[in-house]
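Spelled out, the chains give:
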Amino acid sequence: MTADLKDERLRRWRLVLGGEADGTGCRLTGRDAAMDGALAALYRSGGEAGQGAARSAGLGGSAPKVARWLGDIREYFPTTVVQLMQQDAISRLGLDRLLLEPEMLEAVEPDVHLVGTLLSLKHALPETTRETARAVVGKVVAELERRLADRTRATLGGALDRSAKVSRPRHQDIDWGATVRANLKNYLPEYRTVVPERLVGYARAQRAVKKDVILCIDQSGSMAASVVHSAVFGAVLASMKSLATRLVVFDTSVVDLTEQLTDPVDVLFATQLGGGTDINRALAYCQSKITRPAETIVVLISDLYEGGIRNEMLKRVAAMKAAGVQFIALLALSDEGAPSYDHAHAAALAALGAPAFACTPDVFPDIMAAAIEKRPLPIPDAGK
C-alpha cells in the first residue's frame, strides 16, 4: 500500500470515528476539520457548531447558529446527504420548532420530508413564515412534477388508448399490429399479404372520459411522504381529459379536495397530517361517489392501521370489487422502502383479491396503466 493511499484511508476513518482519541493518529485540518465539526454538531452534543476542532459540538437552540450549520452542510456534502442530515436534526434535536422562523426555512434544502414537517406545523406558522413555507413546498412539488408528470401522462395515455379498441376505426386510429394478428387466418401466401376483413383500432382518447379514478389518501402522520406524492399525482391525473379524478383525504374525518386539484400546493396545505384513522368511513364516502363501477379505479393509500370498523371496511372493498371496481391498496407511495403496516388487514385484502403493497412514485404510472387495461398489476418484489 502506498503512503498516499494509507493516508487517505486514515483520513476517511478519522472522519467516520470522530473524536481526538480515535486511534488513527490523523489530525484533521482545513475543510476536513470543518466537515468534522458539522457532523459533530449533529451527532455529538455538548459544544458549539461550526468550530471544527472537536467532535463534541452541538447545535443548541439558536436559530442563527443552526442557519449557519445548514449553510455549512450544503457546502460540504451532496444534496442527498444534506437531506438526510436535516431529517436527523429534526428528529434527534427537535429542530422543527426553529422551522417557524423565515431565516431557517430559507437555509434548508427542500425535500419531501421537510414538506411533511412543515405541513404538520402549518397551524403554528407565524404570518411572517407562511409565504416562505409555501415557497419551500412549491419548490418540492415543482421538482416532483418535473420528474413524474410527463411519464405519467405518456404511460396512462397509451393505456387509455389500448383499453378502448373499436372495430370501425378511422384510418389514423387503426392499430395495425392488432389488425394483422386478428386477420392471420386470411393470409394469402401467393400475394404474401393479409386480407384485413376486420379492422382493430383505438378510440379517440379526447372524445370522452374513459375512466373514473378515486385517490383515497390516509393523512395520518406516518403517511406524510405518500400524501405529498399523492397530491402531485392527483394533479397530473386531473389534467388528463380521459380521466375523471377525485382526491379524498382522511383521518377520522373525510375531506374531498377534488376542487383544489389544479394546484397540488393548495391540496397539501388543505391536509391535516396526524390524528387517527377511519378507513371504513373514507371508503364509504368513496363508494357513494361511484357511478360507473366497471370503469372506476379506487386507489387506497394507507398503512391499514384501522381505527374504524374493520369488518365493514372489508365488506365495502368486497362490494366494490363485486361491482367491477378496480381496487388498489398501496401501503405507501414513496421512495422510503418497506413501510410499517397492519399485516392482518393486508392479508384480509389479499384474500379478497386486492393485494396490498408499497410502490415508489416511479412505478405508480405502470400500476395505474395496468389497472386501466384490466390486466394483472406489476406488483414490485418488495411489496409481495
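Reading the values: rules and limits
Residues numbered from 1 in each chain as written. Predicted model: local features only at pLDDT ≥ 70, side-chain atom pairs only at ≥ 80, totals over all residues. Heavy atoms only, no water. Helix = DSSP H or I, 4+ residues; strand = E, 2+ residues; numbered from the N terminus. Buried < 20%, exposed > 50% of the residue type's maximum accessible area, 1.4 Å probe, protein only. Contact = heavy atoms within 4.5 Å. Areas by Shrake-Rupley, 256 points an atom, 1.4 Å probe, with all protein chains shown as cover. Axes fitted to C-alpha atoms, helices over the stretch in contact; angles between N-to-C directions. Parallel < 35°, antiparallel > 145°, perpendicular 65-115°, else oblique. Left-handed = near helix turned anticlockwise from the far one by under 90°. Pairing = 2+ DSSP bridges. Core = buried A, V, L, I, M, F, W, Y, C linked by side-chain atoms within 4.5 Å. Salt bridge = Lys/Arg side-chain N within 4 Å of Asp/Glu carboxyl O.

Participant: Explanation requested: the overall build of the protein in the structure shown.
Facilitator: On a plain count of helices and strands, the protein comes out with 14 helices and 10 strands. Looking at the protein residue by residue over its 384 residues, the buried ones come to 47%. When contacts within the protein are restricted to residue pairs at least 6 apart in sequence, long-range pairs at least 24 apart make up 70% of them. Of the roughly 18400 Å² that the protein leaves accessible, carbon and sulfur atoms contribute 52%.

Participant: How should I be thinking about the environment of R68 in this particular structure?
Facilitator: By the secondary structure assignment, R68 is in helix α3 (residues 63-76). Judged by relative accessible area, R68 falls into the exposed class, the value being 53%. Note: C-alpha distance between R68 and A38 (30 residues apart in sequence) is 9.9 Å.

Participant: What is the right way to look at the environment of R316 in this model?
Facilitator: Structurally, R316 is set in helix α12 (residues 310-322). Classification of R316 by relative accessible area gives partly exposed; the value is 22%. Separated by 35 residues in sequence, R316 and R281 have C-alpha atoms that sit 10.0 Å apart. When sequence neighbours within four positions are dropped, the list of residues in contact with R316 reads N280, L283, A284 and Q287.

Participant: What exactly am I supposed to notice about the packing of α12 against helix α13 (residues 343-351) here?
Facilitator: Each pair of packed helices can be summarised by the angle the axes make with each other and by the distance between the axes. Their axes nearest at 10 Å, the elements α12 and α13 cross at an angle of 30°. Relative to α13, the element α12 lies roughly parallel. The way α12 lies across α13 gives a crossing that is right-handed. Residues R310, M313, L314 and V317 of α12 touch α13, and the partners they reach there are A344, H345, A348 and L349.

Participant: Hey, could you run me through the sheet that holds strand β8 (residues 296-301) in this one?
Facilitator: Sheet architecture is open: 6 strands sit in the order β7-β6-β5-β8-β9-β10, paired in mixed fashion. Edge positions in the sheet fall to β7 (254-256) and β10 (356-359), since each has one partner strand and no second. On average, each strand axis in the sheet is tilted by 25° relative to the strand beside it, whichever way the strands run. Bridge count for strand β5 (residues 211-218) against strand β6 (residues 243-250) is 8 bridges, and the pairing is parallel.

Participant: Any chance you could explain the nonpolar core here in plain terms?
Facilitator: Inside soluble globular proteins, nonpolar side chains tend to come together where they are buried. Counting residues in hydrophobic clusters, the biggest one holds 75 residues, and the most contacted among them are W69, F77, L99, L268, V299, I328 and F364. The element contributing the most residues to this core is helix α7 (residues 127-162), with 10 residues. Setting aside residues no more than four positions away along its own chain, F364 makes contact with L215, F233, V299, L330, L333 and C359. Membership of the second largest hydrophobic core comes to 27 residues, among which are C216, I279, L300 and L304.

Participant: Looking at this structure, how should I read the pattern of salt bridges?
Facilitator: Pairing between side chains of opposite charge can happen when their charged atoms approach one another. According to the stated counting rule, one finds 14 salt bridges in the structure shown. Put simply, R151 and D366 hold a salt bridge, and the shortest N to O gap is 2.7 Å. One end of the pair, R151, is in helix α7; the other, D366, is in helix α14 (residues 364-372), with 215 residues separating them in the sequence. Judged by relative accessible area, D366 falls into the partly exposed class, the value being 29%. For R375, the salt bridge goes to E373, with nearest N and O atoms at 3.5 Å. Here the salt bridges do not stand alone but share partners, grouping R134, D263 and D266 into one network.

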